[in-house]
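The chain contents come next:
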Amino acid sequence: MAEFRCSETVILRLFEPGLSDGGTNFQERPVRALVVENRGFTPADGASAAFEFLIPGDMEIPPGSSLVWRGVVYDIGSVRRCRDLDGTVRASRCTVC
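Residues numbered from 1 in each chain as written. Predicted model: local features only at pLDDT ≥ 70, side-chain atom pairs only at ≥ 80, totals over all residues. Heavy atoms only, no water.

(A) Geometry of the nonpolar core. One finds L12, F53, I55, I61 and L67 to be the most contacted residues of the largest nonpolar core, which totals 15 residues. Looking at this core, the elements with two or more residues in it are strand 1 (8–20), strand 2 (23–37), strand 3 (51–56), strand 4 (66–69), strand 5 (72–83) and strand 6 (89–96). Those residues in contact with I55 that sit more than four places away from it in its chain are L12, V31, R32, A33, I61, A91, S92 and C94. (Core = buried A, V, L, I, M, F, W, Y, C linked by side-chain atoms within 4.5 Å. Buried < 20%, exposed > 50% of the residue type's maximum accessible area, 1.4 Å probe, protein only. Helix = DSSP H or I, 4+ residues; strand = E, 2+ residues; numbered from the N terminus. Contact = heavy atoms within 4.5 Å.)

(B) Examining the packing of aromatic side chains more closely. Across all of its chains, the model carries 5 aromatic pairs by this definition. Judged by centre distance (6.0 Å) and plane angle (65°), the rings of F15 and F26 are edge-to-face. Taken together, the positions of F15 in strand 1 and F26 in strand 2 put the pair 11 residues apart, joining distant regions of the chain. Of the residues examined, F15 reaches a relative accessible area of 26% and is grouped as partly exposed. (Phe/Tyr/Trp six-rings, centres within 6.5 Å; stacked < 30°, edge-to-face > 60°.)

(C) Expanded view of the environment of L14. Within the element layout of this structure, L14 appears in strand 1. For L14, a relative accessible area of 6% corresponds to the buried category. With 15 residues separating them in the primary sequence, L14 and R29 have C-alpha atoms 7.7 Å apart. Beyond its immediate chain neighbours, meaning those up to four positions away, L14 contacts N25, F26, Q27, R29, M59, E60, I61, P62 and S65.

(D) Region of the structure containing the state of the cysteines. All chains considered together, the criterion is met by 0 disulfides. Not engaged in a disulfide, the cysteine C82 finds its nearest cysteine sulfur in C94; these two sulfurs lie 9.2 Å apart. (Disulfide = S-S within 2.5 Å.)

Shown next as structure tokens:
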């Protein structure tokens, strides 16, 4: 994506509904992301981390998913879709908690 430079590799752990051998299933997918530090977050906002991850593409990120960045697993609290003026999805903005 030419609009921004994705400088970090993260591993998306996409939640898959259902149980397998009594555990939760995740599909792991390495992706490039732009990491945005948000100094405005406070514990009152419900976020324990001060990062958002901008992931290019139109991939669906289901609730219950997480990501791994620099050896730390973050639960994805919310996903906002970034769209062009014509409605085309260009990226997902993931807030972690």
